[in-house]
Structures are given as C-alpha cells and as structure tokens.
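Each chain is listed here by its residues.
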Amino acid sequence: MRRYYFERTAQLVFTVLAVMTLTFFLVRLLPGGPADALRANLIRNNPEMTADQIDRRVEAQLNIMPDDPLHVQYLTYITELLQGDMGQSLSQGAPVTDVIASAAPWTIFTVGTAVAIAFVIGISMGALMAYREGSRFDSGATITSVLLNSVPDYIYGIIFLWILGYQLDIFPTGGRYSSSTEPTINLLTPIQTLAFVGDVLWHAALLISAIVLVAWGGWALGMRGNSVQVLGEDYLRVARLRGLPQRHIAFRYVGRNAVLPMYTSMLITIGFLLGGSIILEQVFSYPGMGYYMIEALERRDYPLMMGVFLVITITVAIGVYVADLTYGLIDPRARVDGGGSS
Amino acid sequence: MSKQDGIATAAEDSDVDPILRIRDLTVRFEMDRGTSRVLNGVDLDIRRNEIIGIVGESGSGKSMLASALLDAVVAPGITDGEITYHPPTDEPIDVLDLSEEARRQFRWEEISMVFQGALSSFNPTMDIRGHFEETLEAHGYPIGPGIDRAAELLNDLYLDPDRVLESYPHELSGGMKQRALIALALVLEPEVLVMDEPTAALDLLMQRSIVSLLADIRDKHDLTMVFITHDLPLVTKLADRIGVLYAFEFVEVGETEAILRDPAHPYTRALLNATPNLDAPLEEMRPIDGSAPDPVNVPSGCAYHSRCPLATDDCEREQPRMESVTGSHDVACHHWTEVDEIPLTNEVDR
Ligand code: SF4
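Just so you know, these numbers come straight off a predicted model, no measurement behind them. (Residues numbered from 1 in each chain as written. Chains lettered and ligands numbered in written order. Predicted model: local features only at pLDDT ≥ 70, side-chain atom pairs only at ≥ 80, totals over all residues. Heavy atoms only, no water.)

K.L.:
Which parts of the structure should I look at to understand the UniProt feature "transmembrane region" (unreviewed entry) in chain A?
P.N.:
Residue and element names in this part refer to chain A. Following the UniProt record, one finds the feature "transmembrane region" (unreviewed entry) at residues 12-30, 106-131, 143-164, 200-221, 262-284 and 304-323. Across residues 143-164, the secondary structure splits into 86% helix and 0% strand, with the terminal C-alpha atoms separated by 26 Å. Helix makes up 100% of residues 200-221 and strand makes up 0%, while its end C-alpha atoms are separated by 31 Å. (UniProt positions renumbered as here; feature names shortened; annotations may be inferred. Helix = DSSP H or I, 4+ residues; strand = E, 2+ residues; numbered from the N terminus.)

K.L.:
Help me understand the interface of chain B and chain A in this model?
P.N.:
The parts lose accessible area when they come together, and the size of an interface is often stated as this lost area. Residue-level contacts link 26 residues of chain B with 24 residues of chain A. Linking chain B to chain A there are one salt bridge. Its salt-bridge partner being R242 of chain A, residue E134 of chain B comes within 3.0 Å of it at the nearest N-O pair. If you look at where chain B meets chain A, you find 14 residue pairs in polar contact (both at pLDDT 80 or more). When contributions to the side of chain B that touches chain A are tallied by element, the ones reaching two or more residues are α3 (100-109) and α4 (128-138) of chain B. Looking at the side of chain B that touches chain A element by element, the count peaks at four residues for α4 of chain B. When its residues are assigned to classes, the side of chain B that touches chain A shows 11 nonpolar, 10 polar and five charged. (Contact = heavy atoms within 4.5 Å. Salt bridge = Lys/Arg side-chain N within 4 Å of Asp/Glu carboxyl O. Polar contact = N/O pair within 3.5 Å; in protein donor to acceptor, adjacent residues only side chain to side chain. Nonpolar A, V, L, I, M, F, W, Y, C, P; charged D, E, K, R; others polar.)

K.L.:
Mind showing me how you'd approach the sheet that holds strand β2 (residues 34-47) of chain B here?
P.N.:
In any sheet, the strands associate via hydrogen bonds between backbone groups, in a parallel or an antiparallel arrangement. Residues and elements named next belong to chain B. Strands sit in the order β2-β1-β4-β5 across an open sheet of four strands; the sheet is antiparallel. Edge strands, defined here as strands with exactly one partner in the open sheet, are β2 and β5 (93-94). In terms of strand pairing, strand β1 (residues 18-31) meets β2 through 10 bridges, oriented antiparallel. The residue of β2 that forms the bridge with V27 is L39. Contacts from helix α2 (residues 62-69) reach β1, β2 and β4 (78-85), with the element oriented near 115 degrees to β1. (Pairing = 2+ DSSP bridges. Axes fitted to C-alpha atoms, helices over the stretch in contact; angles between N-to-C directions.)

K.L.:
So what exactly am I meant to see when it comes to the packing of aromatic side chains here?
P.N.:
The description of an aromatic ring pair uses the distance of the two centres, along with the angle that the planes make with each other. Evaluated as defined, the whole model comprises 10 aromatic pairs over all chains. Centre to centre, the rings of Y246 of chain B and Y267 of chain B are 4.6 Å apart; their planes meet at 55 degrees, and the pair counts as tilted. Of the two residues, Y246 of chain B is situated in strand β9 (residues 241-246) and Y267 of chain B in helix α11 (residues 266-273); the sequence distance between them amounts to 21 residues. For Y246 of chain B, a relative accessible area of 3% puts it in the buried group. Among the aromatic residues, those joined into a cluster by ring pairs are Y246, Y267 and Y304 of chain B. Positioned over the ring face of F137 of chain A is R132 of chain A, at 5.3 Å from the centre of the ring. (Phe/Tyr/Trp six-rings, centres within 6.5 Å; stacked < 30°, edge-to-face > 60°. Buried < 20%, exposed > 50% of the residue type's maximum accessible area, 1.4 Å probe, protein only. Lys NZ or Arg CZ within 6 Å of the ring centre and 35° of its normal.)

K.L.:
Sorry if this is basic, but what is going on with the pattern of salt bridges here?
P.N.:
In a structure, side chains of opposite charge can pair up when their charged atoms sit close to one another. Residue and element names in this part refer to chain B. Per the counting criterion, the structure on display carries 24 salt bridges over all chains. Between E166 and R129 there is a salt bridge; the shortest N-O distance is 2.8 Å. Of this pair, E166 sits in helix α6 (residues 161-166) while R129 sits in helix α4, placing them 37 residues apart in sequence. Looking at R129, the relative accessible area reads 24%, which means it is partly exposed. A cluster of three or more residues bridged by salt bridges with shared partners is formed by R28, E30 and D80.

K.L.:
Is there a simple way to explain the packing of helix α5 (residues 96-131) of chain A against helix α6 (residues 136-149) of chain A in this structure?
P.N.:
Geometry of a packed helix pair, given as the angle between the helix axes and the separation of the axes. Residue and element names in this part refer to chain A. Relative to each other, α5 and α6 sit at 140 degrees, their axes nearing to 8 Å. The two elements α5 and α6 meet at a crossing, and its hand is left-handed. Facing M125, L128 and M129 of α5, the residues of α6 in contact are F137, D138, A141, T142 and S145. Taken together, the residues of the contact of α5 with α6 break down into five nonpolar, two polar and one charged. (Left-handed = near helix turned anticlockwise from the far one by under 90°.)

This is how it looks when you write it as structure tokens:
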C-alpha cells in the first residue's frame, strides 16, 4: 500500500517536472520561438536599448538568461517556477502569477458550478433512464443527450448571448459583474454581499448554462450504462428478494455502485476546470483562465501562455493523483491492501 | 391428465405433513414463436423438515421451480397454479396470491433462497455486516440480537464471525462467500431454505464440505431444505427424497434410497449410469445421448421418447401418468415395470 502511494507521488512529481521542462524548451529553444520573438520585438520598439538591457528584459519576462549555459538557465527557470515566479505578462503588464491568481477563481467558480449542476442532472437522468430502460423516455433522453452533447458549448453560448443578451436584453453580455456593483463578500453587510453574489450569478448564468447543456448528457449516458449493468447484477435480484426497500436499493445499490466508477473522470474534469472553456469565456468576454489564454495567444504573450498552460496541466495531474489516492477510500473493491487474505 | 394422478398420489401420502404443497404449477413465457412452458403443471409435496433434492439437466425447469417457490419468477414469466405454504402454527398461505407487502415479508422470513449466482450475490461495495443489518432492518427485526444470530450461524458454518462480518465480498474466498450467503439466508429464521445450484461454482472438496454442513444446519434449525442441482451424485449424499425433473415435469419422485436402488424411470437410470461412480467429479460424467427438449415445442407423448431405449409407439402418442411404484415412490413412465432392461452399471452407495 505504501509502495502504491509512493509510486503515485513519484509519478506526479515526474509529470510536473516534465511539463515544466517542456515549457522551458518551448520558450527557450524553438527557433523563432518566444525568446527570439521577444528580443526582436524589444529591439524594434526600443532602438535606444543596449543588447545587455534587452537581454535583461528578456530574462525578466521569460525567466531565462540567454547567455548563461543551458543547464544553468534550466535550473534558474525551474527554481523560479517553484517559487511561483512565472515571469512577466507582456499584454497585461503584470506578473503572470498575479494575472492567473486573479483569473483562476472566476473560472473555478463558473466551470465548477457548471460541472456540479451537470453532474447532478446527469446522474439523476441517467439513473431514471436505466430504471426505465427501453421506454420512450429512455430513448428520447438518450437521443437528446447525444445531440446536445455533440454540439460545442460555445455554439450554445453564442445563441444564448444573441437571444437572451442582445435581443431580449435579459442577461448581461459580458464581464464578471456590473461596474456599478462593489465586490463585497462580508458577513457584516449581508445585503451588499447578496447583491454582489446575485450580480455575479447573473453574469455567469448563460456561460454556466451553455456548459451544463453540453456536459450533462455525457454524465447521463455514463450513468445510464453503469446503472443498467448494476440493475442486471445477481446481487440486485438478491437484494430485492431480501425485501429491501426500493429507495434503499436505488441509493445504496444502484446509485452508489454506478457513480463510483465515474469518480475518477469526475476528478479529472475538476482538474480541467482551470483550463475552463477557452472559447466560451471569449464569447462572454469573461476574464477567466481561458480568456487570458486567448488574449495571450493573440498578443503573442508567451509568458502568460506558458503560465496558463503550466497551471492547467499541473492541475489535471493533481486531479488524477488525488483520484488515484482516494479511490480506495470510497470503493472497497479498489483497496490494495485487501484485509481478507489469511 | 398427469395432474389428476398427481393429486391422487399425493392424497395417498396423507400421513405426511407437507410444508409446501405444489399443484399444477406452470411457468410460461409468451414469445414470438409461441408459448414457452418452462415448468409444466408440476405437482409436489415438500415435507416438513426434509431435505428434498430436485435434479435435472440445465433447461429442465429446475431453476424456475426454485424461483416460483418464492413467487420470484422474473418478468415477463407468468406463474400459474397453486403453492400452499403451511406454517408450523398459523393458517396455510397461498403463496402465489400474496399482496406485494405480504410477499415482501414472506420472502426471507418464511422461505428464503440461496442462488445459483451465489458468488455475486453480495453488493461489492458493502461489507458483510451491512448485508445482515439491512436485511434485519427491512423486516423490522432488532439489529443486536440479529447480528448475534448471524455470528452464531457463521460460527456453525466454520467461519470466523468477526472477521467475516467486517470483510467486503471480494476479500472472501468462494467457499466463504457461499457459507456467508447461507447464513444471510437464515438470519430471519425462515422455515424453508431453497438452494439453486448452491455449490456449482465451488471446487469439489468445498462442495462436499458445504453439503455435509447443510445436514447439521437443518437439524439444528428445524429447517426444510429444497436442494436444486444437476449433480445427482452430490444430492444423494444429503437428500431424504429426490425428485427428477425432465422436460419441465417430474418424471420420478421418491426416497433417495429407492431412487438409487430401484430407479423406475429410464431417464433416472441414464442419469445414474452417466456417473462413473458417485464420488467422481461431475466433469467425468458421460453425457446422456440426445438433448433436452425445447420448451416451446415439447415432444408429444412422453417427452423422453426420442432418447429412451424402451420407447414404443405408445410413448410417442400418449403422455405417461404419475403412477405409484411403492408407497411414496412415483414414476411417470408407460414401461416402468420393464425398466430393469436398462441395467444399472454402477455400484450404488450412499
Ligand atoms: S414412457 Fe416410454 S419413452 Fe417415456 S420413459 Fe417411459 S418407456 Fe421411455
């Protein structure tokens, strides 16, 4: 068991290092890559600067020192990353770490809410579909979820925005909250806090709905499949013969055993949260991680791009890690130590 | 036809005290190509505190009989006929006519069952104690004394109660799971335990040891057991009486001794002769020629005629009725008096 934890941890450390190394080489070594592009840019805009000054600027922004030997550069880069220094964002005029720190909570909030809603709708629908397997409700819901699931979320976003935002003017068309609202999260001023939270939800509602509309179908189909399988198991027949109440069977048997295998993908999805819905945030001009990813791409802001990329991949890696470590706690079948052998 | 005779024969056994009286029991499935009768007008009296072995090939209807005893035939199967349960003290109960709630209570409290899929009968994400507790709770039995009883049952089955109760199903071996399941079936102190191929998934040694435990359990708990299997040698070690099913009907019913020494039905003889000796594993059995009939298209006359060495034209035309061989030994065969023409090739030994 201890060996298992050790292996998983080593795997995580290795993944994170690999991702960091990858970004290092992408930034530093690609011909015509970020470093060259940045230097050219600086020279063009600041003809008065000496080569030395330019190098220092490049170093500040990309966390590299072009003249140092490669391994020194690499060590410096990794050390600074580990200290939370991801360089300077060109487009935002602020440290990449600050930009990400201000964007991440919004993406976590919107996508987290969306995934939670989609998950609840999905597993409820999936279980219902499984219970009525073969009914018209089942086939109708299956077709609906497949159809909704096969259209990218930003299409819904654009439709929502156009109808509910621009045509009917019911929802705002961009931003995190109204400019007239003071961001307030304070238990001592509940009215302002509520107003602020309401305003935030109002701004995020369409974006969240667009994600939910696509995502619930996937969970529903997964849940349906798992539930149909559990419903056909011998132990379910025995449970019924033992006279267990329907509710108990639905939750403790079908629900639990069908959801458990989805736990891992659930955690990985949460890992992907930070990547957010890149295009969707753009559609709604919602300044989250995805929004800055596109900003960075458009403005060739390599440090920001690499920062966002790093944070997303590392979060996914951590999501998988947590899933691996905790799965045994929630599903006794996966426990490695198996106390039964004597 | 066979039905009337069945009742007549049963009436002769008026001195026996049946706990279950089965009359004209039919299980059918309506299918596109016709009605599939997987149990066809079966009569049987199960006596209080006996162990009765029901033997048949796969597809003989024996599993349906097991399910029907708890009125648990899976949809879209339709169960007709009569099953009367005689509790030790109260009024008889018509099993096939219970309300949903009454049936829920009846199952497991009066008649309980160990399934063919015994090894997958436990919820994989729940420990064994959880299974006992939820069962007790669903039937309104107090948990504390119930768990004590479970522990005692597990102990009687040579399991370590504390360890087994805390284990998850996958942590137990097949034999342990099987015995834990028997304990679970008995935790509400039922009168009847139906077992459908309870040992099929276990190795030979484990099969024999479980069978020997069952006899002790029966004595200790005053149980009636219905042991359903395709393994005739196995059940002779345990059963007081044996019923042989062929093509969804009983062809012979009698004391184990009589079935072994004077089998009156050609099919029973074929079953006995198919086993090199009664202690050999079933895998060494020589298969019986021919195949089991199709439930949609049961042959006319005696269903066994295409495989029977004694078959005559009569057999093809007319279905044989249940007749009494001796006291409580019944057979359905036109030519049972000539059955000695099929010699028994094995030494019979219990
Ligand atoms: S009735 Fe005829 S065919 Fe059937 S078992 Fe007896 S002898 Fe064989």
